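Topology and contacts: notes
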Amino acid sequence: MQQTILTPAEWNIMESLWKKAPKVGSEIVGDLREAAGYSRSTTLTMLTRMTKKGYLECSEDEKGIKTYTPLIDRREAVRQETDHFLNRVYHGSLSLLISTFTEKQKLSKEEIDDLYEILRKAEEEYHD
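Okay, so let's go over this structure. Everything numeric here is computed off the predicted structure, so don't read it as measured data.

About the thresholds
- Residues numbered from 1 in each chain as written.
- Predicted model: local features only at pLDDT ≥ 70, side-chain atom pairs only at ≥ 80, totals over all residues.
- Heavy atoms only, no water.
- Core = buried A, V, L, I, M, F, W, Y, C linked by side-chain atoms within 4.5 Å.
- Buried < 20%, exposed > 50% of the residue type's maximum accessible area, 1.4 Å probe, protein only.
- Helix = DSSP H or I, 4+ residues; strand = E, 2+ residues; numbered from the N terminus.
- Contact = heavy atoms within 4.5 Å.
- Pairing = 2+ DSSP bridges.
- Patch = residues over 30% accessible without salt bridge, like charges linked within 9 Å, V, L, I, M, F, W, Y side chains within 5 Å.
- Areas by Shrake-Rupley, 256 points an atom, 1.4 Å probe, with all protein chains shown as cover.
- Salt bridge = Lys/Arg side-chain N within 4 Å of Asp/Glu carboxyl O.
- Axes fitted to C-alpha atoms, helices over the stretch in contact; angles between N-to-C directions.

**Observations concerning the nonpolar core**
- Among the nonpolar cores identified, the biggest contains 18 residues, and Leu 6, Ile 13, Met 14, Trp 18, Ile 28, Leu 56 and Ile 72 are the most heavily contacted of them.
- Taken together, the elements giving at least two residues each to this core come down to helix H1 (8–19), helix H2 (25–36) and helix H3 (40–52).
- The element that contributes the greatest number of residues to this core is H1, accounting for 6 residues.
- In this structure, Leu 6 is in contact with Trp 11, Met 14, Trp 18, Tyr 55, Ile 72, Ala 77 and Glu 81, ignoring residues within four places of it in sequence.

In structure tokens form, the structure reads like this:
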């Protein structure tokens, strides 16, 4: 599968569509005006570009009303974005990432327990 790294503006559109899809262009324009202050023309230009990139499917009815559907799964986009960030900033080191976060932010007991559980599962999978 091709790596898809969305721009912040593309994330805004995808978030609108991941909440509810399909949506007509005017609904997305309204969402983006409210969430990010984008104009109608900016949003419509982005929808056209994202359709050409293969991120969205666009269908048009007999009245010329365009409806958009995401072609990228949110979970997969998050995974790819996380991988990209981890490799770009931390050279792929998950332990360096966690160390950096825990130095700046105090973890709750629940978060620590969650991390232990994640590590326990990873260790089980490593030994299988």
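Alright, that's what it looks like, and here's the rest.
**Side note on the pairing of strand S2 (residues 56–60)**
- Pairing between S2 and strand S3 (residues 66–70): 5 bridges, direction antiparallel. Along S3, the bridge assignment pairs Glu 57 with Thr 69.
- Hairpin connection from S2 to S3: 5 residues lie between these consecutive antiparallel strands, with Gly 64 at a positive phi of about 85°.

**Side note on a nonpolar patch on the surface**
- Together, Leu 94, Ile 98, Leu 115 and Ile 118 make up a nonpolar patch on the protein surface, roughly 330 Å² of accessible area in all.
- Its place among the elements puts Leu 115 in helix H6 (residues 109–127).
- You can call Leu 115 partly exposed: its relative accessible area is 31%.

**Considerations on the side chain of Thr 43**
- On the secondary structure map, Thr 43 appears in helix H3.
- Of the residues examined, Thr 43 reaches a relative accessible area of 0% and is grouped as buried.
- Setting aside residues up to four positions removed in sequence, Thr 43 forms contacts with Ile 13, Ile 28, Val 29, Leu 32 and Tyr 38.

**Quick notes on the sheet that holds S3**
- Sheet architecture is open: 3 strands sit in the order S1-S3-S2, paired in antiparallel fashion. Bordering the open sheet on either side are strand S1 (23–24) and S2, each of which pairs with just one other strand.
- Sheet strands in contact with H3 are S2 and S3, and its direction is about 110° off that of S2.

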